[in-house]
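# Geometric and topological summary
Now for the letters of each chain:
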Amino acid sequence: MSNPTKPTETGPNRTGIASSPIDGKAAVEGAQAGSPPAVFEPPALSAARARVASKAGPVGTIPPPLSVKGMAATAVQMIKGNKPTVFLDLLGERLAFERTGTRLYEALMVKLEAADPHPGGPAREDLERIRDEELEHFGLLKRTMESMGADPTAVTPSADVIAVAGSGLLQAVSDARVTLNEALKAILTAELVDNDSWLMLADVAERLGHDEMAGEFRRALAEEEDHLARVRTWLNAAVEGEAGISARAGDGSGASPPSPSP
Ligand SMILES: [Fe+2]
Ligand SMILES: [Fe+2]
């Protein structure tokens, strides 16, 4: 039995200004007095940020190839006019994200254990299977990088950036107070990114002439599409259950997000 207080219940939330009308008026006046008149950032501050950004060094760089084979492959790509480091950076980025994905599903399994079972939600086996696939994708990227003479333990610049971005998702899913249904929203963000990113990776691999690799990446993409469909189904069922509304007519699977209004 999980904690009986649910996050969607009415409770002592005092973050809104309406919770104290007297102080609210003073807070608005104080904010107005202490803020510049513009709604947006003052131009001088934006200009200062742009100046710093234009002079700042990169987050990181790509390490040189480790092996003779890697050096040769790099040289072949460069002769063709390609920049192989861009592909390596993408591989490093996916590798970092699949590592995060594996951890996200590990954390989601803890949420499931602590949650009250509800219809339409994930079963432990579902989460275990997806976790294993995320880990397999990580392994595929590791082998791919090694086959290209690259070091998969090196953090490429995009790997660094995506790890920082993904750290918010991990924080959300690992917070003890966050429910299974709330955690699924963070997982949805990860799966949407995963889908787009595998598609891009497979496309770039194909256009660089790595046909076999592209085929493997497309298989990973098919699994990611399945993850996304399942997460959407679980999340839709969770929101419907919490809101007390019935499943959408004609959509037994719940796998598609609600259509936007015309
Ligand atoms: Fe993934
Ligand atoms: Fe996934």
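One structure accompanies this document, and this report is about it. (Residues numbered from 1 in each chain as written. Chains lettered and ligands numbered in written order. Predicted model: local features only at pLDDT ≥ 70, side-chain atom pairs only at ≥ 80, totals over all residues. Heavy atoms only, no water.)

## Notes on the coordination of the iron ion (ligand 1)
- Coordination of the iron ion (ligand 1) by the protein comes from Glu98 (OE), Glu98 (OE), Glu134 (OE), Asp194 (OD) and Glu224 (OE), over a distance range of 1.9 to 2.5 Å.
- Coordination of the iron ion (ligand 1) draws on donor residues from a single chain, spaced E-x35-E-x59-D-x29-E in sequence. (Donors = N, O, S within 2.8 Å, 3.2 Å for Na, K, Ca; no water.)

## Here's the deal with the coordination of the iron ion (ligand 2)
- On the protein side, the iron ion (ligand 2) has Glu134 (OE), Glu191 (OE), Glu191 (OE), Glu224 (OE) and His227 (ND1) as donor atoms, found 2.0 to 2.5 Å from it.
- Taken in chain order, the donor set of the iron ion (ligand 2) reads E-x56-E-x32-E-x2-H.
- The metal-metal distance between the iron ion (ligand 2) and the iron ion (ligand 1) is 3.3 Å, with Glu134 coordinating both. Of this pair, Glu134 sits in helix H5 (residues 124-147) while Glu191 sits in helix H7 (residues 180-207), placing them 57 residues apart in sequence. Taken as a pair, Glu134 and Glu191 share a single burial class, namely buried. (Helix = DSSP H or I, 4+ residues; strand = E, 2+ residues; numbered from the N terminus. Buried < 20%, exposed > 50% of the residue type's maximum accessible area, 1.4 Å probe, protein only.)

## Some words on the nonpolar core
- Counting 26 residues, the largest nonpolar core has Tyr105, Leu108, Leu127 and Val231 as its most contacted members.
- Within the residue set of this core, elements represented by two or more residues are helix H4 (84-114), H5, helix H6 (157-174), H7 and helix H8 (211-243).
- Discounting residues that sit within four places of it in the chain, Tyr105 has contacts with Leu127, Ile130, Arg131, Glu134, Ile187, Glu191, His227 and Val231.
- Counting residues in hydrophobic clusters, the runner-up holds 20 residues, among them Trp198, Ala205, Leu208 and Phe217. (Core = buried A, V, L, I, M, F, W, Y, C linked by side-chain atoms within 4.5 Å. Contact = heavy atoms within 4.5 Å.)

## Looking at helix H1 (residues 21-34)
- For H1, with 14 residues, the first-to-last C-alpha span of 20 Å sits near the 20 Å given by 1.5 Å per residue.
- Little of H1 is tucked away: 1 of the 14 residues are buried. (Expected span 1.5 Å × (residues − 1).)

## Focus: the packing of H5 against H8
- In contact at an axis separation of 11 Å, H5 and H8 are set at 155° when each is read in the N-to-C sense. It follows that H5 is roughly antiparallel to H8 by the angle criterion. Relative to H8, H5 is oriented so that their crossing is left-handed. Here Asp126, Leu127, Arg129, Ile130, Glu133, Glu134, His137, Leu140 and Thr144 of H5 lie close against H8, whose contacting residues are Met213, Glu216, Phe217, Ala220, Glu223, Glu224, Asp226, His227, Arg230 and Trp234.
- Classifying every residue of the contact of H5 with H8 gives 7 nonpolar, 3 polar and 9 charged. (Axes fitted to C-alpha atoms, helices over the stretch in contact; angles between N-to-C directions. Parallel < 35°, antiparallel > 145°, perpendicular 65-115°, else oblique. Left-handed = near helix turned anticlockwise from the far one by under 90°. Nonpolar A, V, L, I, M, F, W, Y, C, P; charged D, E, K, R; others polar.)

Just distances and angles here, no functional claims.
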